[in-house]
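Here's the letter readout for the chains.
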Amino acid sequence: MRHLSTSLLAMPALLPSRPAHALRPVDVELVLAVDVSRSVDPEEQELQFRGYAAAFRDSRLVEGIRNGPLGAIAVSFFTWSDWNMQELLVPWMVIDGPSSAGRFSEALEAAPRRAHLYTSISGAIDYASDLFGQGYEGTRQVVDISGDGVNNSGRPLAQARADALRQGIVLNGLAVLDRTPPPPQFAALQPPLDDYYRDEVIGGPGAFLMVAEGFRAFDGAVRRKIIREIASHPGPGPLVERAFA
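Bear in mind that the values here come from a model prediction, so they are computed numbers and not experimental data.

**Q** What is the right way to look at the side chain of Lys-225 in this model?
**A** Tracing the backbone shows Lys-225 in helix H9 (residues 218-229). When residues no more than four places from it in sequence are discounted, the contact partners of Lys-225 are Asp-144, Asn-172, Gly-173, Leu-174, Phe-208 and Met-210.

If you want it as structure tokens, here you go:
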């Protein structure tokens, strides 16, 4: 009996222990990736930051989060430009109601505004892909890429996109169209930005593209886009939506 008691006391040590840092379940892990290349002037950059901050103060967005199965999402926000220029301005935050959504908006408003040179969508996708699984486990992992230009820095976009899709990440796009057309000699060198984002950037189950017709339309575009992204049962919506100022 003495030996049996000793054995029984030792048994719990053989049982699998719970991970020391278990991931918190959330409905969606959402990464917001914002273009700050040289084609985005200070006013346009400010419109982007304010647009995201205003979106998370929208009661419809907050209600959409609270109506999810778990009633919470995890969000992070970074800016990007050159292949090696990504700046995480707001690390992962859980949003589960007006208070936490307000804190996220305040963090965006207080974040520094910095611009760089080139446009590396591939670098943004690679950086965003590495952010997942850091404290949270979403039923969906979504990257929201906003920008106003094509990939011109870093590795081929197709490679970064394919790697992210293999991880099960959904890539959505927010293409901002410049209302001032470029000179004809430059316009002929690249496809229309909305076509480029639709064909080369977005991908994964339910992926879609929101097109802002100029930076003045960004505010409305980003609200509609995030509300659709956080829907608990996203239906088959249009592949491309457009927002006007």
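**Q** Sorry if this is basic, but what is going on with the packing of aromatic side chains here?
**A** Describing an aromatic ring pair means giving the distance of the ring centres and the angle of the ring planes. Throughout the structure, instances matching the rule amount to eight aromatic pairs. With a centroid separation of 5.5 Å and an interplanar angle of 70°, the aromatic rings of Tyr-52 and Phe-218 are classed as edge-to-face. Taken together, the positions of Tyr-52 in helix H2 (residues 42-55) and Phe-218 in helix H9 put the pair 166 residues apart, joining distant regions of the chain. A single burial state applies to Tyr-52 and to Phe-218, both of which are buried. A centroid spacing of 6.4 Å and a plane angle of 55° characterise the contact between Trp-92 and Tyr-136, whose relative ring orientation is tilted. One end of the pair, Trp-92, is in strand E3 (residues 86-95); the other, Tyr-136, is in strand E4 (residues 136-147), with 44 residues separating them in the sequence. Comparing Trp-92 with Tyr-136 shows no difference in burial state: the two are buried. Three or more aromatic residues joined by ring pairs make a cluster, and in this case those are Phe-49, Tyr-52, Phe-77 and Phe-218. Positioned over the ring face of Phe-208 is Arg-228, at 3.8 Å from the centre of the ring.

**Q** What should I look at first to understand H9 in this one?
**A** Helical periodicity: at 3.6 residues per turn, an α-helix aligns residues three or four positions apart in one direction. Its 12 residues place the ends of H9 16 Å apart at the C-alpha level, agreeing with the 16 Å of an ideal helix rising 1.5 Å per residue. Inspection of H9 places Phe-218, Ala-221, Val-222, Lys-225, Ile-226, Arg-228 and Glu-229 among the buried residues, and these make up the whole buried set. Looking straight down H9, one finds its buried side chains confined to an arc of 160°; they lie on one side.

**Q** What should I look at first to understand the pattern of salt bridges in this one?
**A** Two side chains of opposite charge can pair, provided their charged atoms sit close to one another. As enumerated under the stated definition, the model contains 19 salt bridges in all. A salt bridge links Glu-46 to Arg-113; the shortest N-O distance between them is 3.0 Å. Linking Glu-46 in helix H2 with Arg-113 in the loop between helix H4 (98-110) and helix H5 (121-129), this pair joins segments that are 67 residues apart in sequence. By relative accessible area, which is 24% here, Glu-46 ends up partly exposed. Look at Arg-113 and you get partly exposed, because its relative accessible area is 28%.

**Q** Can you walk me through the nonpolar core in this structure?
**A** Core analysis: the biggest nonpolar cluster contains 71 residues, and Tyr-52, Phe-77, Tyr-197 and Ile-226 have the highest contact counts within it. Here Ile-226 is in contact with Leu-30, Leu-32, Tyr-52, Ala-55, Phe-56, Leu-61 and Asp-144, once residues within four sequence places are set aside.

**Q** What's the story with the sheet that holds E4 in this structure? I'm lost.
**A** Hydrogen bonds between backbone atoms are what pair the strands of a sheet, whose relative direction is either parallel or antiparallel. Judged by pairing direction, the sheet is mixed, and its seven strands sit side by side in the order E3-E2-E1-E4-E5-E6-E7 without closing on themselves. Two strands bound the open sheet, and with one partner strand each, they are E3 and strand E7 (240-244). Recorded for the sheet is a direction-independent mean angle of 15° between the axes of neighbouring strands. Where strand E2 (residues 73-80) and E3 come together, seven bridges link them in antiparallel fashion. When the bridges of E3 are listed, Phe-77 appears paired with Val-90. Packed onto the sheet, H5 meets strand E1 (24-35), E2, E3, E4 and strand E5 (170-176) and runs at close to 145° relative to E2.

Here is what the cut-offs are and how they apply
Residues numbered from 1 in each chain as written. Predicted model: local features only at pLDDT ≥ 70, side-chain atom pairs only at ≥ 80, totals over all residues. Heavy atoms only, no water. Helix = DSSP H or I, 4+ residues; strand = E, 2+ residues; numbered from the N terminus. Contact = heavy atoms within 4.5 Å. Phe/Tyr/Trp six-rings, centres within 6.5 Å; stacked < 30°, edge-to-face > 60°. Buried < 20%, exposed > 50% of the residue type's maximum accessible area, 1.4 Å probe, protein only. Lys NZ or Arg CZ within 6 Å of the ring centre and 35° of its normal. Expected span 1.5 Å × (residues − 1). Arc of directions from axis to C-beta. Salt bridge = Lys/Arg side-chain N within 4 Å of Asp/Glu carboxyl O. Core = buried A, V, L, I, M, F, W, Y, C linked by side-chain atoms within 4.5 Å. Pairing = 2+ DSSP bridges. Axes fitted to C-alpha atoms, helices over the stretch in contact; angles between N-to-C directions.

The analysis is restricted to geometry; functional conclusions fall outside its scope.
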